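Residue-level structural notes
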Amino acid sequence: MTVFALADCNNFYVSCERVFNPKLVGKPVIVLSNNDGCAVARSNEAKNLGIKMAVPYFKIKHLIDGENVHVFSSNYALYGDMSNRVMQTLVTFTPVIEIYSIDEAFLDFTNFAFTNLTDYARSIQSTVRKNTGIPISIGIGTSKTLAKIANRIAKKSLKANGVLDLTSSTYIDIALEQIPIEDVWGIGKRYAAYLKLINIKTALDFKYADTQIIKKKMGINGVRTQKELYGESCYSLETTPSVRKSVAVSRTFKTPITCFDELSQALSSYISRGAEKLREQDSFSENMTVYLLTNRFKKESFYYNSRSHVFTTATNTTPEMIRQGKLLLKQIFKEGKEYKKAGVVFSNLVKKGCVQQDLFSPSDHTRSKKLMKAIDKVNSQMGRHCAQYAATGLSKKQPWRTSFNYRSPAYTTDWNQLLIV
DNA sequence: TCTGGGGTCCTAGGACCC
DNA sequence: TCTGGGGTCCTAGGACCC
């Protein structure tokens, strides 16, 4: 039988801010999404004030001012680096680990037969805290879904205090009864709404529900989730990070754009970033999709359109992609609209060495490959936007640039922003 | 006034093949 | 009058995750 532990950082982005700013401990703190749009991380104190996940900033402004909530813009350089530190510590406790997201990892405890798992988890918890300053919770179960549920309870229950071992079958059903159906891993808003209609309200209801009904409505994954609640593991640990099957870059603009040239600059910079990501993982793209849209909250005037291009030979060369991207943009751009967001998706990715060449127009990419390599090197040594394409615009004050008005310093990744004590 | 970004997988249906 | 069966591949859309 498998045994998995899920280690999950508590209110991760907020905890990262607190490590370098201890005055924030015990106070309500939130971290906002791009353009300071929505609350994407909340301290427990902020949650207790009723600030919900992903709520727009402008809707809670009164609360923030009234209750003295500390507000931060997203600081991805800091969170990414802190995440690495946490993961590096976790690896020292078991080499069999799946880094599931920026703040979560599954650990394989399967062969820890002579270990008290709760004690072991507590020592992981305290070591991570000591090494990084980040508080984590750990849930243990015989399937990933049960480990997730154990983690959820570990976080909320005072008695569990951050660690819960749910491998003993005696307690599983008691735990499942406390879990609302929408909190089960794999069951989102849509399925939860349906399940409640047919009187499946908790994880326990789901476990003992008619499998045929689940299969019909939710397909094979619904059945898997049900099995996982029985403790039968259907999702194994993915220990080797898999290469991406698609790469996307998109941004919402701070202020709407009406002008084609500005839109084209924004899109060119997203394509440029996407091409960099492709080169980072040695992938080439066969298919590029460009899309744009107006404010999705103004339903009456909403406009969305997209167009794709298939490259004869898969590529990751920025200028070639920008050229095609602009052609696609021209096809979907409509005069007089107020655009709020644009993006690009690269799909049908091919690994280096597997790119199908064109028999009738064989091309030599040696020069462009050298150029891309040189540009990537400059940018990695001198900073991301050091060398860029003119198509992305030369002005620093483009209206489409994402704003971060409350961003903390990059304490751990920039010599000029070190914490001064 | 103001509302994020980046992914994965599954399924149904259409086109096509023999 | 009466029109089969089995299979693959691709795509769009819908669901989910963080």
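These lines cover the structure that appears in this document, whether it is placed above or below.

Scoring rules and cut-offs
Residues numbered from 1 in each chain as written. Chains lettered and ligands numbered in written order. Predicted model: local features only at pLDDT ≥ 70, side-chain atom pairs only at ≥ 80, totals over all residues. Heavy atoms only, no water. Near = heavy atom within 4 Å. Polar contact = N/O pair within 3.5 Å; in protein donor to acceptor, adjacent residues only side chain to side chain. Helix = DSSP H or I, 4+ residues; strand = E, 2+ residues; numbered from the N terminus. Nonpolar A, V, L, I, M, F, W, Y, C, P; charged D, E, K, R; others polar. Buried < 20%, exposed > 50% of the residue type's maximum accessible area, 1.4 Å probe, protein only. Contact = heavy atoms within 4.5 Å.

**Side note on the protein's contact with DNA strand B**
Lining the immediate environment of DNA strand B, one finds 23 residues, of which K245, A248, S250, T252 and R296 sit closest. Among the atoms of DNA strand B lying within 4 Å of the protein, the sugar-phosphate backbone contributes 77%. One of the side-chain N or O atoms of S246 is found 3.0 Å from a phosphate oxygen in DNA strand B. At 2.5 Å, a side-chain N or O of T252 approaches a phosphate oxygen of DNA strand B. When contributions to the surface near DNA strand B are tallied by element, the ones reaching two or more residues are α10 (211–229), β9 (247–257) and β12 (339–351). Among the residues forming the surface near DNA strand B, the class breakdown is eight nonpolar, seven polar and eight charged.

**As for the protein's contact with DNA strand C**
Surrounding DNA strand C, one finds 13 residues, the nearest of these being E104, K148, G188, R190 and Y191. Backbone sugar and phosphate groups make up 100% of those atoms of DNA strand C lying within 4 Å of the protein. D103 places a polar side-chain atom, nitrogen or oxygen, 3.4 Å from a sugar or linking oxygen of DNA strand C. In this structure, a phosphate oxygen belonging to DNA strand C sits 3.4 Å away from a main-chain N or O atom of I187. Secondary structure elements with two or more residues in the surface near DNA strand C: β5 (97–101) and α8 (189–197). For the surface near DNA strand C, the leading source of residues is α8, giving three residues.

**Some points on the environment of L24**
Tracing the sequence through the fold places L24 in the loop between α1 (12–19) and β2 (29–32). We classify L24 as buried; its relative accessible area is 2%. On a C-alpha basis, the gap between L24 and H70 in space is 7.7 Å, while along the polypeptide they are 46 residues apart. Once residues within four sequence positions are removed from consideration, L24 is found in contact with E17, R18, V29, H70 and F72.

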